[in-house]
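Survey of secondary and tertiary structure
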Amino acid sequence: MSTDVRLRVDGVEVVVPAGCSVAAALRLAGHVSTRRALDGGGRGACCGMGVCFECRVRINGVERLGCLARVADGMEIVCDA
Amino acid sequence: MRELSTEILVVGAGPAGIAAAVSAERAGARALLVDMQAEPGGQIWRGQWNNATDRAARRWLTALRGSPVATRYGLRLVDFAAPGLAVFDGADGPLRVRCERLIVAAGARERLLPFPGWTLPGVFGAGGLQVLVKNGWPVAGQRIVVAGSGPLLLAAAATLRKAGAQVLCIAEQTGAADLARFAAGLAPHPGKWLQAAALRGRLAGVAYRCNAWVERAEGTERLESVRLRAGRSVERIACDALAVGFGLVPNTEIAQLLGCELRDGAVVVDVHQHSSVAGIYCAGEICGIGGVDQALAQGEVAGRAAAGSGERPRALRRDCARSARFAQTLRRHFALRDELRELATADTVLCRCENVRYADAAACRSQRDARLQTRLGMGHCQARICGAAGEFLFGWTAATPRPPLAPAPLTCFTEPTSDPEPPAQESA
Ligand SMILES: Cc1cc2nc3c(=O)[nH]c(=O)nc-3n(C[C@H](O)[C@H](O)[C@H](O)COP(=O)(O)OP(=O)(O)OC[C@H]3O[C@@H](n4cnc5c(N)ncnc54)[C@H](O)[C@@H]3O)c2cc1C
Ligand code: FES
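Keep in mind it's a predicted model, so treat the numbers as computed, not measured.

What follows is about the confidence of the model for chain B. Within chain B, residue pLDDT values average 93, and 98% of them lie at 70 or more. Interface predicted TM-score (ipTM) for the complex: 0.97; the corresponding pTM is 0.96.

Below, the discussion takes up the site of ligand 1. With respect to spatial proximity, 35 residues lie near ligand 1, and among them A16, D35, L77, Q130 and E285 of chain B are the closest. Looking at the residues close to ligand 1, they fall on chains A and B. With respect to ligand 1, the backbone of L77 of chain B contributes an N or O atom lying 2.9 Å from a nitrogen atom. Protein chains shield 93% of the accessible area of ligand 1, which is 980 Å² for the free molecule. Only α1 (15-26), β4 (75-82), α3 (126-134), α4 (152-162) and α8 (292-306) of chain B provide two or more residues apiece to the shell around ligand 1. Per-class residue counts for the shell around ligand 1 are 19 nonpolar, twelve polar and four charged. Residues from two domains meet in the shell around ligand 1; each of domain 1 (2-109 + 249-312) and domain 2 (112-246) of chain B gives at least three.

On to the packing of aromatic side chains, then. Residue and element names in this part refer to chain B. For the coordinates displayed, the defined rule picks out four aromatic pairs over all chains. Between Y358 and F394 the ring centres are 5.5 Å apart and the planes differ by 40 degrees, which places this aromatic pair in the tilted class. Of this pair, Y358 sits in helix α10 (residues 358-362) while F394 is found in helix α12 (residues 386-394), placing the two residues 36 residues apart along the sequence. The class for F394 is partly exposed, based on a relative accessible area of 24%. Judged by centre distance (4.7 Å) and plane angle (45 degrees), the ring pair of F394 and W396 falls under tilted.

Here the second largest pocket defines a volume of roughly 830 Å³. Lining the second largest pocket are 33 residues, and of these R64 of chain A together with G74, D89, G90 and A91 of chain B sit closest to its centre. Those elements giving two or more residues to the lining of the second largest pocket turn out to be β5 (56-59) and β6 (62-65) of chain A together with β3 (70-73), β4 and β5 (85-90) of chain B. If you tally residues by element for the lining of the second largest pocket, the top one is β6 of chain A, at four residues.

Bringing the sheet that holds strand β14 (residues 233-238) of chain B into the picture now. Residue and element names in this part refer to chain B. Spatially, three strands are ordered β12-β13-β14 in an open sheet, and the strand pairing comes out antiparallel. Each of the sheet's edge strands pairs with one partner strand only, and the pair in question is β12 (212-218) and β14. Going across the sheet, the axis of each strand differs from the next one's by a mean of 25 degrees, ignoring polarity. As paired strands, β12 and strand β13 (residues 225-230) are joined by six bridges and run antiparallel to one another.

About the cut-offs
Residues numbered from 1 in each chain as written. Chains lettered and ligands numbered in written order. Predicted model: local features only at pLDDT ≥ 70, side-chain atom pairs only at ≥ 80, totals over all residues. Heavy atoms only, no water. pLDDT = per-residue confidence, 0-100. Near = heavy atom within 4 Å. Polar contact = N/O pair within 3.5 Å; in protein donor to acceptor, adjacent residues only side chain to side chain. Areas by Shrake-Rupley, 256 points an atom, 1.4 Å probe, with all protein chains shown as cover. Helix = DSSP H or I, 4+ residues; strand = E, 2+ residues; numbered from the N terminus. Nonpolar A, V, L, I, M, F, W, Y, C, P; charged D, E, K, R; others polar. Domains from an automatic or database assignment. Phe/Tyr/Trp six-rings, centres within 6.5 Å; stacked < 30°, edge-to-face > 60°. Buried < 20%, exposed > 50% of the residue type's maximum accessible area, 1.4 Å probe, protein only. 1 Å grid on protein atoms, 1.4 Å probe; cavity = no way out; pocket = protein on both sides within 12 Å on 5 of 7 lines; lining within 4 Å. Points joined across faces, edges and corners; volume = space filled by probe spheres on them. Pairing = 2+ DSSP bridges. Axes fitted to C-alpha atoms, helices over the stretch in contact; angles between N-to-C directions.

Right, here's the structure in full:
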């Protein structure tokens, strides 16, 4: 009974399956790199378990880890990439 | 600030923490189980809370559902405001928990090692990509190289394949002789042996290469190919993802913050899983890498002991001894080869958060020195990745972690405003 969830990524509406992580939602929406490192290089999720902090994004205005957070209807996600 | 109080606080809801909390309640104590993930299950049972496919997962997750253990998810332990007063950070703000006794079951993370291109999007930990997939990360139709070391590579490859990925090959850095000795060592562990055989079955047709490792990941904005070395030959393989991990490292920072004694990177415990600090028990991978059976047995022992039920039934003692022997077999046969120390070039980033280059880190005497000279390990992940890499590359001993254990908002450290309440226990 996988229903869908609507959220906005960098202002664009995206529909993803309920229950997935924010990191997965971003990848489903076509984002490969979700933050910029100090040297400008793109970075994306790596460890999958809240250790490397590479997947961090702003969720409803607060910096959080995409791999630990679950999607919810109406979420506003902003990447730094 | 929200504040709760409980008799026993269990940090980490993987197999060890679940077994600990459920066993503590069965022995008559009140327990609160907290994890930073959205659901219980830890690494191995990720995504199984609503649909357990594994037998042990079904048994323990059902036990947790039916037990009066109180649970809170999406909260990360970041500090202790005082002994017995833990501070957590979560999406709904901070939470303080007062407890009489503490069981730490924080599990393990993967050891990631630097090589040119390892920071490109599309390069993941091996278990890392596996757990991302368990939470909906799409890999169907993608070409994936799995590399590194240890039995987790097989489990990861099987998950990726089941999710529709094309696993191009599994590159294990260990040599064939050690692998054969490891396989022979599984004989006294029929469960592990069956698991390995089942995995091999699910991976039929996937090339498994030993003495092989990825030297370089290539691509401009994202991963496009890897260079794989196997003995003297080097091959370029075009791929969409690389899942690469070099074994597991215990997450000891919480125990270290509390002053628990460590040996060989793991927390030292007695037969009751009690650490060197009064009232603090530890269970699972943080006491040494040994897999899910060890985590469950140690969790049960810790939960019973913390609840004051000191005797260990014979079956449990046997499980602990057997899983400890398996842990030893694991350590002996997946030692990392020296060539892996030579992969990073002077310009390869070692500290991913602060972008510290390998050459700048290598010029330092210790991790502490590198911290002062280069900011290595001072970024978001607080040396969780580069610290374990530095141990292998330079023989550094990990610097003692400092609070907060993860970046947290200031509100976590302001005085509590509410009186502590007991957490609502789930109905029995
Ligand atoms: C990425 C990964 C994938 C794995 N996949 C497999 C597999 O497929 N098969 C297999 O046999 N083994 C696998 N393992 C090995 C596995 O770790 C063990 O077999 C088993 O899960 C260990 O149980 P545990 O309870 O000790 O730790 P874990 O399962 O790691 O549980 C520890 C829990 O503690 C939580 N935690 C840690 N720090 C904090 C904190 N500060 N605050 C709050 N919560 C915290 C974590 O979120 C986690 O849920 C994997 C390991 C990793 C790292
Ligand atoms: S992917 Fe490493 S913290 Fe999320």
